[in-house]
Amino acid sequence: MLDIEKTLTMTINELNKKSVIYRKNILKYIVKAKAGHTGGSLSSIDILNVLYNHVLNVGPENFSSPNRDRYIQSKGHCVEALFVVLADKGFFPEEELNTLCQYGSKYIGHPTRKVHGVEQNTGALGHGLPISVGVALAAKLDGKDYKTFTLLGDGELPEGSNWEAALSAAHYQLDNLCVIIDKNGLQISGPTASVCKTDPLDKKWESFGWSVREVDGNNVAQLSEVFAALPFEAGKPSVIIANTIKGKGVSYMENVLKWHHGVPNATEYEQAQLELDQALTHF
Ligand SMILES: Cc1ncc(C[n+]2csc(CCOP(=O)(O)OP(=O)(O)O)c2C)c(N)n1
Ligand SMILES: [Mg+2]
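Presented here is an overview of the structure given in this document. What you are looking at is a predicted structure, and each value in this text was computed from that prediction instead of being measured. Counting restarts for each chain: residues are numbered from 1 in the order of the written sequence. Chains and ligands are labelled sequentially in the order written, the chains with letters from A and the ligands with numbers from 1. For a predicted model such as this one, the threshold for reporting local features is a pLDDT of at least 70, and the threshold for listing and counting side-chain atom pairs is 80 or more; totals across whole chains, interfaces and linings nevertheless cover every residue.

A look at the site of ligand 1
Point 1. The immediate surroundings of ligand 1 are formed by 23 residues, with G40, G153, G155, E156 and Q187 found nearest.
Point 2. Only DSSP runs of H or I with at least four residues qualify as helices, and only runs of E with at least two residues qualify as strands; both kinds are numbered from the N terminus onward. Broken down by element, the shell around ligand 1 gets its largest block of residues, three residues, from helix α2 (residues 38-55).
Point 3. Its residues assigned to classes, the shell around ligand 1 comprises five nonpolar, 13 polar and five charged. Being near a molecule or strand means, for a residue, that its C-beta atom, positioned from the backbone, comes within 6 Å of it. Ten residues, namely Ala, Val, Leu, Ile, Met, Phe, Trp, Tyr, Cys and Pro, are considered nonpolar, four, namely Asp, Glu, Lys and Arg, are considered charged, and the remaining ones, Gly among them, are considered polar.

Quick look at helix α4 (residues 128-142)
Point 1. Here α4 spans 21 Å end to end across 15 residues, near enough to the 21 Å set by a 1.5 Å rise per residue.
Point 2. For every residue, the other C-beta atoms within 10 Å of its own C-beta are counted; 20 or more classify it as buried, 12 or fewer as exposed, and values in between as partly exposed. C-beta atoms are placed from the backbone. For α4, the full list of buried residues reads G128, L129, I131, S132, V133, V135, A136 and A139.
Point 3. Distance between backbone-placed C-beta atoms decides contact: two residues are in contact if it is within 7 Å. If you follow the buried residues of α4, they end up packed against β1 (70-73), β2 (148-153), α5 (160-171) and β3 (177-183). Under the convention used throughout, the expected extent of a helix is 1.5 Å for every residue step, that is, one less than its residue count.

Brief notes about unusual backbone geometry
Point 1. Residues D199 and P200 are joined by a peptide bond in cis, for which omega reads -5°.
Point 2. As for its position among the elements, P200 is in the loop between α6 (192-195) and α7 (201-207).
Point 3. Following L230, the chain continues into P231 via a peptide bond in cis, with omega recorded as -10°.
Point 4. Along the chain, P231 turns up in the loop between α8 (220-228) and β5 (238-243).
Point 5. Of note in the backbone geometry, K34 takes a positive phi value of approximately 60° without being a glycine.
Point 6. Structurally, K34 can be placed in the loop between α1 (12-33) and α2.
Point 7. Overall, the presence of 10 C-beta atoms within 10 Å leaves K34 in the exposed class.

Re the nonpolar core
Point 1. Core analysis: the largest hydrophobic core is formed by 70 residues, its most contacted members being I26 and I180.
Point 2. Ignoring any residue separated from it by four or fewer positions in sequence, one finds I26 in contact with S41, L42, I45, E80, A81 and V84. Joined through C-beta atoms within 7 Å, a set of buried Ala, Val, Leu, Ile, Met, Phe, Trp, Tyr and Cys residues constitutes a nonpolar core.

Focus: the pairing of β5
Point 1. Here β5 lies mainly inside the structure; five of its six residues are buried.
Point 2. Here β3 runs beside β5; their pairing, made up of six bridges, is parallel. Among the inter-strand pairings, I180 is bridged to a residue of β5, identified as I240.
Point 3. We call two strands paired when DSSP finds no fewer than two bridges between them. Sheet analysis places strand β4 (residues 211-216) next to β5, joined by six bridges and oriented parallel. Looking at β5, one finds that V215 is bridged to A242.

Structural notes on the environment of K246
Point 1. Structurally, K246 can be placed in the loop between β5 and α9 (266-280).
Point 2. With 177 residues separating them in the primary sequence, K246 and D69 have C-alpha atoms 27 Å apart.
Point 3. Not counting the four nearest positions on each side in its chain, K246 is found in contact with G39, G40, S43, N184, G185, L186, N255 and W259.

What to know about the pairing of β2
Point 1. Judged by how many residues are buried, β2 sits mostly within the fold: six of six residues are covered.
Point 2. The two faces of β2 match: T148, T150 and L152 on one face and F149, L151 and G153 on the other face are all buried.
Point 3. Note that β1 and β2 share four bridges and pair parallel. Paired with I72 across the two strands is T150, which belongs to β2.

The structure is reproduced here in structure tokens:
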């Protein structure tokens, strides 16, 4: 047993198994909806898994409590990852995801507060961090000890609003705020480095006054350990650079641009489920 496991509510094995089940569900509902952001949901699902099953003090029972932890998904296009985790946590019956992207459904292609468990409407990139800074600052002003987490995509980082927010967070010493960057190396139209270079990310965030850690963002043990170390430094906001693989878990989707919002056909879907079923036999 790893040291970190002594503090976990679920074992690493159980978390790994959950990730595979979440991946199967993400694909199931994207195929049913005939739409969705496949690659970025699969790259970020291990992060959401560890957050919701181990880190966040939030569930359907305390969602109206002002003391709950906040998770704001800035890369809102990957809403399928969020919806399958919220369903698993009991915020709403999973069958409701059968209406994903259908006319009249509240389960639309980006997060909306009409869905129980969603903190903020997002989808226009560059909004999640500015909102999170306000939420974290409010906790300080109100003397509350909840924590605020926000997930950004690497292709989202060129949005200038992120950097204004990063400056403010350091200025207000928001050590109750944690950014996770899903660094999967791809965005909608090409490799992140070709569309707009943002490296070296660690040095940029450090120079903005943040405390930085880097992990394998598809490794639930590493994620659990890094979240357990929050805040990384008193008086500084924390950022986790999570190196991930876009399309993680399905061989033909991994690192392939078209799966940003590609929907598998029947044969591709069958192969994906076979691969994931095979992965399940390891746990
Ligand atoms: C303000 C804004 N501009 C453009 C878009 C269109 N868009 C949707 S996803 C995306 C790429 C995002 O890349 P990244 O953050 O790396 O997401 P991931 O790889 O995790 O899917 C873009 C440009 C948007 N949603 N919002
Ligand atoms: Mg990306």
